[in-house]
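# Summary of structural features
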Amino acid sequence: MTEVEALRALHRRRSPDDPLVLPGPWDAASARVFVGAGFPALATPSAGVAASLGYEDGQTPADEMFAAVARIVRAVDVPVSADIEGGYGIAPGELVERLLATGAVGCNLEDSEGGVLKDPRAHADWLAEVRHAAADRVFLNARIDTFIRARRDADPKQVAEQAIERAALYVAAGADCVYPIGAPVDVLPLLRSGIQGPINVHGTVTGVTGGNGDTGGPSPAELGELGATRITFGPGLQRRADEALREIAADLRK
């Protein structure tokens, strides 16, 4: 079985209380820690990698992101999926080849740019080009940004319906999984009922505050019961490690 086949198999026939948990390594050392803990696959977070390289989220040059992913892949013997943001403006064929050159067998691609949602049909056409170029060599996770781009007063159920519409287009274009990032917990059953195939849900990391790493929230098993197929953490794990290091550094100054 190839690594991409293994990654696809990890998403299939999972019981509701056993979603696939994919930690997000930001460098080779963290990747080895997660594999040593027994996780069967990893999913890099663009924001976590950016922080490790000294960039703000969304500001990492493509060459540096691909190089960082390659170092992570070389350090472990499990399938790795890479968050490559919006594709860096690279043509689909070249994007796929550069991804595969890192050794990664999956990718996360988002559907907003500059804080604005892309036209869903145009984005679906682009995803179809990526799928055509990748054939069956890449597990494609299509991020849906309707929740994080919605107005503060937007009705979550209406935003969920928009996410479901986008998901249908992206799955038809060849996405293996969709990721309605920022979806409130109480709309997960609605998303599950309306979306075909695996759903990626953002998990929380104990001890992290702010951004995508807010403390509290359901456990992975509870998220699975609500409809999640797989759980990722964005930069939450990198931020938790950063906070732990700050505490260590403060102790050294005492």
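A brief look at the structure comes next. (Residues numbered from 1 in each chain as written. Predicted model: local features only at pLDDT ≥ 70, side-chain atom pairs only at ≥ 80, totals over all residues. Heavy atoms only, no water.)

### So, the overall build of the protein chain
As a reminder of what qualifies: Numbering of helices and strands runs from the N terminus; a helix is a DSSP stretch of H or I covering at least four residues, while a strand is a stretch of E covering at least two. Radius of gyration: C-alpha atoms only; globule rule: 2.2 Å multiplied by the number of residues to the exponent 0.38. Relative accessibility thresholds used throughout: buried, under 20% of the residue-type maximum; exposed, over 50%; partly exposed, between the two (1.4 Å probe, protein chains only). We call two residues in contact whenever any of their non-hydrogen atoms come within 4.5 Å of each other. Here the open area of atoms and residues is found with the Shrake-Rupley method and a 1.4 Å probe, where only the protein chains shown may cover a residue.
On a plain count of helices and strands, the protein chain comes out with 11 helices and 10 strands. For a compact globule of 254 residues, the expected C-alpha radius of gyration is about 18 Å, and the protein chain comes in at 17 Å, within 12% of that figure. Here the C-alpha coordinates of the protein chain stretch approximately 55 × 40 × 35 Å along the principal axes. Going through the 254 residues of the protein chain one by one, you find that 47% of them count as buried. Residue pairs in contact within the protein chain that sit at least 24 positions apart in sequence constitute 70% of those at least 6 positions apart. As displayed, the protein chain has an accessible area near 11,900 Å², and 51% of this comes from carbon and sulfur atoms.

### Considerations on the sheet that holds strand E3 (residues 80–83)
As a reminder of what qualifies: Any two strands between which DSSP finds at least two bridges are classified as paired.
Pairing within the open sheet is parallel, and its five strands lie in the order E2-E3-E4-E7-E8. The strands lining the two open edges of the sheet, one partner per strand, are strand E2 (42–43) and strand E8 (177–180). As judged from the four bridges shared by strand E4 (residues 106–109) and strand E7 (residues 139–144), these two strands associate in the parallel manner. Within the sheet, the bridge partner assigned to Gly106 lies in E7 and is Phe139.

### As for the packing of helix H6 (residues 120–134) against helix H8 (residues 156–173)
Angle between the axes and distance between the axes: these two values describe a pair of packed helices. The criterion, for reference: Between N-to-C directions, angles span 0 to 180 degrees; the directions come from axes that are lines fitted to C-alpha atoms, helices contributing only their stretch in contact. When describing relative orientation, an angle under 35 degrees is termed roughly parallel and one over 145 degrees roughly antiparallel, while 65 to 115 degrees is termed roughly perpendicular and anything else oblique. Put simply, a crossing is left-handed when the front helix is turned counterclockwise from the back one by less than a right angle, and right-handed when it is turned clockwise. Only Asp, Glu, Lys and Arg are considered charged in this grouping, and only Ala, Val, Leu, Ile, Met, Phe, Trp, Tyr, Cys and Pro are considered nonpolar; every other residue, Gly among them, is considered polar.
Across the interface, H6 lies against H8 with an axial gap of 8 Å and an inter-helix angle of 25°. By the angle class used here, H6 and H8 are roughly parallel. Here H6 and H8 pass one another in a crossing that is right-handed. Contacts between H6 and H8 involve Pro120, Arg121, His123, Ala124, Leu127, Ala128 and Arg131 from the first element and Arg166, Leu169, Tyr170 and Ala173 from the second. A per-class count over the contact of H6 with H8 returns seven nonpolar, one polar and three charged.

### Notes on the packing of aromatic side chains
Aromatic ring pairs: the centre-centre distance and the angle between the two ring planes describe each pair. Put simply, the test is: Centres within 6.5 Å are what make two rings of Phe, Tyr or Trp a pair, Trp counting through its six-membered ring; a difference in plane orientation under 30 degrees is then read as stacked, over 60 as edge-to-face, and the rest as tilted. Counted as over-ring charges are cases with an Arg CZ or a Lys NZ within 6 Å of the ring centre that also lie within 35 degrees of the ring normal.
Tallying each qualifying case throughout the model produces two aromatic pairs. When the ring of Trp26 is compared with that of Phe34, the centres are 6.3 Å apart and the planes differ by 75°; the resulting orientation is edge-to-face. What makes Trp26 buried here is its relative accessible area of 15%. Note on Phe34: relative accessible area 12%, which makes it buried. Both rings, one in Phe66 and one in Tyr88, keep their centres 6.0 Å apart while their planes meet at 70°; by these two values the pair is edge-to-face. Pair noted here: Phe66 is in helix H4 (residues 62–75) and Tyr88 is in the loop between E3 and helix H5 (92–102), with a separation of 22 residues, a long-range link. We classify Phe66 as buried; its relative accessible area is 5%. Lying across the ring of Trp126, Lys118 places its NZ or CZ 5.5 Å from the centre.

### Regarding the environment of Glu85
Rules: For this analysis, a polar contact is any N or O atom pair within 3.5 Å, provided that within protein one partner can donate a hydrogen and the other can accept it, and provided that sequence-adjacent residues contribute only side-chain to side-chain pairs.
Position of Glu85 relative to the elements: it lies in the loop between E3 and H5. Apart from residues lying up to four places away in sequence, Glu85 is in contact with Ser46, Asp57, Gly58, Thr60, Met65, Asn108, Leu109 and Glu110. A polar atom in the side chain of Glu85 sits 3.4 Å from the backbone nitrogen of Gly58. A polar side-chain atom of Glu85 sits 2.7 Å from a polar atom in the side chain of Tyr88.

### Topic: the pairing of E4
To keep it simple, the criterion reads: The definition of a right-handed crossover adopted here requires that, viewed with the strands pointing away, the path from the first strand over the helix to the second runs clockwise.
Burial along E4 is two-sided: Gly106 and Asn108 and Cys107 and Leu109, pointing in opposite directions, are all buried. Handedness of the crossover joining E3 and E4 through H5: right-handed.

### With respect to helix H3 (residues 46–53)
Considered for burial, the residues of H3 that qualify are Ser46, Ala47, Gly48, Val49 and Ala50. Buried positions along H3 lie against H4, E3 and helix H11 (236–252). A positive backbone phi angle near 90° is found at Gly54, which sits one or two residues after H3.

### Description of the nonpolar core
The following threshold applies: The set of buried Ala, Val, Leu, Ile, Met, Phe, Trp, Tyr and Cys residues whose side-chain atoms join them within 4.5 Å is what this entry labels a nonpolar core.
Counting residues in each nonpolar core, the largest one holds 55 residues, and the members touching the most others are Leu109 and Leu191. Per element, the largest residue contribution to this core is seven residues, and it comes from H8. Filtering out sequence-adjacent residues up to four positions away, Leu191 remains in contact with Phe147, Ala160, Ala163, Ile164, Pro180, Ala183 and Ile199. Counting residues in hydrophobic clusters, the runner-up holds 10 residues, among them Val4, Leu7, Leu10 and Ala41.

### Focus on the packing of H4 against H5
It is the contact of H4 with H5, at a shortest axis distance of 8 Å, that shows an interaxial angle of 35°. Contacts between H4 and H5 involve Ala62, Asp63, Phe66, Val69, Ala70 and Val73 from the former and Leu95, Arg98, Leu99 and Thr102 from the latter. Partitioned by chemical class, the residues of the contact of H4 with H5 number seven nonpolar, one polar and two charged.

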